[in-house]
Amino acid sequence: MRFTKDWRAFALPDGTIIRRPVLDVLVRGTDGLLTANFLVDSGADLSMAPYDLFRKLGRRWEDGQPITLRGISRRKVCAIEGRVHPVDFFVSEVGRWFTIPVCFARGRVPFLLGQEGFFDHFIVTFDRVARRTTFEFREGVP
Amino acid sequence: MVNSKPTEVKAISPELLELVSPEMDAWLNSLSPEVLTSYGGQYIAVRNKEIVAADDSLGRLFKKLDRMGLTYRVRYLYIEEPDAWVIY
């Protein structure tokens, strides 16, 4: 089972458009399902999302695995704490739920779909020329 | 790290599926650079091919949508700031 997603358009300062690979999924919240728009990032070990989304999931922050996040700056003051929690994702194109570990953190945190728990189930092919991503679902992978 | 065995689901509401449909994708990709720039650095909520709310804080956007009764009935997106290159 496979599906293809066109890359999402974003603006650059000069008014031109840049396109990036994204995938929209449904996430199980306390009172229903929320849509979430993730950048597909094959270079990221883990998926990531903002703390504000976490607050909608009805979990206890303390129950997550603590993790330290650093960005471009290696300074200790720039490191922030994150917590990894399992999150249920529904991928409508294949009609399935996946439980994926997601690192949540406070601040301007991106929505990233990384390798752990997602790339195990899909062969992901990026076509920069066509600006589209193909996701091939690997049936039967535990 | 997590047992992520996928499970098949039959019933998701058509309203939700419409939010993540190819038609919605196409509409989002048709937004002009001017519109995208005007929402740069903000989280937006989209429904029926209309931006119904936006805020630079996802938490505040949720509160707005809670008041509107739309929290679970919109598509969320973060529009990257146009003056930043994404290097995640």
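Definitions and cut-offs
- Residues numbered from 1 in each chain as written.
- Chains lettered and ligands numbered in written order.
- Predicted model: local features only at pLDDT ≥ 70, side-chain atom pairs only at ≥ 80, totals over all residues.
- Helix = DSSP H or I, 4+ residues; strand = E, 2+ residues; numbered from the N terminus.
- Rg over C-alpha atoms; globule rule 2.2 N^0.38 Å.
- Buried ≥ 20, exposed ≤ 12 C-beta atoms within 10 Å, placed from the backbone.
- Contact = placed C-beta atoms within 7 Å.
- Nonpolar A, V, L, I, M, F, W, Y, C, P; charged D, E, K, R; others polar.
- Pairing = 2+ DSSP bridges.
- Axes fitted to C-alpha atoms, helices over the stretch in contact; angles between N-to-C directions.
- Core = buried A, V, L, I, M, F, W, Y, C linked by C-beta atoms within 7 Å.

1. Quick word on the overall build of chain A
Piece 1. In terms of regular secondary structure, chain A is built from one helix and 12 strands.
Piece 2. The order of helices and strands in chain A, counted from the N terminus, is β-β-β-β-β-β-α-β-β-β-β-β-β.
Piece 3. For 142 residues, the compact-globule formula gives about 14 Å, and the C-alpha radius of gyration of chain A, at 16 Å, lands near that figure.
Piece 4. Each principal axis of the C-alpha distribution contributes one length, and for chain A these read about 45 × 40 × 25 Å.
Piece 5. With 142 residues in all, chain A has 35% of them scored as buried.

2. Observations regarding unusual backbone geometry
Piece 1. Even without being a glycine, Arg131(A) presents a positive backbone phi close to 55°.
Piece 2. On the basis of neighbour count, Arg131(A) is assigned to the partly exposed category, with 17 C-beta atoms found within 10 Å.
Piece 3. Positive phi is not limited to glycine here, since Lys49(B) has a value of about 55°.
Piece 4. Its location among the elements puts Lys49(B) in the loop between strand S2 (42-47) and strand S3 (50-55).

3. Topic: the interface of chain A and chain B
Piece 1. Opposite the 46 residues of chain A that make contact, chain B presents 36 residues.
Piece 2. Secondary-structure elements contributing two or more residues to the side of chain A that touches chain B are strand S2 (8-11), strand S3 (17-20), strand S4 (22-28), strand S5 (33-40), helix H1 (51-54), strand S8 (80-91) and strand S9 (96-105) of chain A.
Piece 3. Classifying every residue of the side of chain A that touches chain B gives 24 nonpolar, 11 polar and 11 charged.

4. As for the sheet that holds S3(B)
Residues and elements named next belong to chain B.
Piece 1. If you walk across this open sheet you meet the three strands as S3-S2-S4, and the pairing is antiparallel. Strands with a single pairing partner mark the edges of an open sheet, and in this sheet they are S3 and strand S4 (75-79). Strand-to-strand twist in this sheet, taken as the mean axis angle between neighbours without regard to direction, amounts to 30°.
Piece 2. Alignment of S2 against S4, held across five bridges, turns out to be antiparallel. Paired with Tyr43 across the strands is Tyr78, a residue of S4.
Piece 3. Across the face of the sheet, helix H4 (residues 58-68) comes into contact with S2 and S3 while running at roughly 130° to S3.

5. Things to note about the nonpolar core
In a soluble, globular protein the nonpolar side chains are often hidden away together inside.
Piece 1. The biggest cluster of nonpolar side chains holds 54 residues, and the ones touching the most others in it are Val25(A), Ala36(A), Phe38(A), Ala49(A), Phe89(A) and Ala45(B).
Piece 2. Element by element, the count of residues in this core is highest for S9(A), at six residues.
Piece 3. In this structure Ala36(A) touches Val25(A), Val27(A), Ala49(A), Leu53(A), Phe111(A) and Tyr76(B), once residues within four positions along its chain are discounted.

6. Some words on the pairing of strand S11 (residues 122-127) of chain A
All names here are of chain A.
Piece 1. Relative to strand S12 (residues 132-137), S11 runs antiparallel, the two being bridged by six bridges. In the strand pairing of S12, Ile123 is matched with Glu136.
Piece 2. The loop that links S11 with its antiparallel partner S12 comprises four residues; one of these, Arg131, has a positive phi angle of about 55°.

7. Focus: the sheet that holds strand S1 (residues 2-6) of chain A
Residue and element names in this part refer to chain A.
Piece 1. In spatial order, the strands read S1-S12-S11; together these three strands make up an open sheet with antiparallel pairing. With partners counted over all chains shown, the strands left at the sheet margins are S1 and S11, one partner each. Across this sheet, the average inter-strand angle for adjacent strands is 20°, counted without regard to direction.

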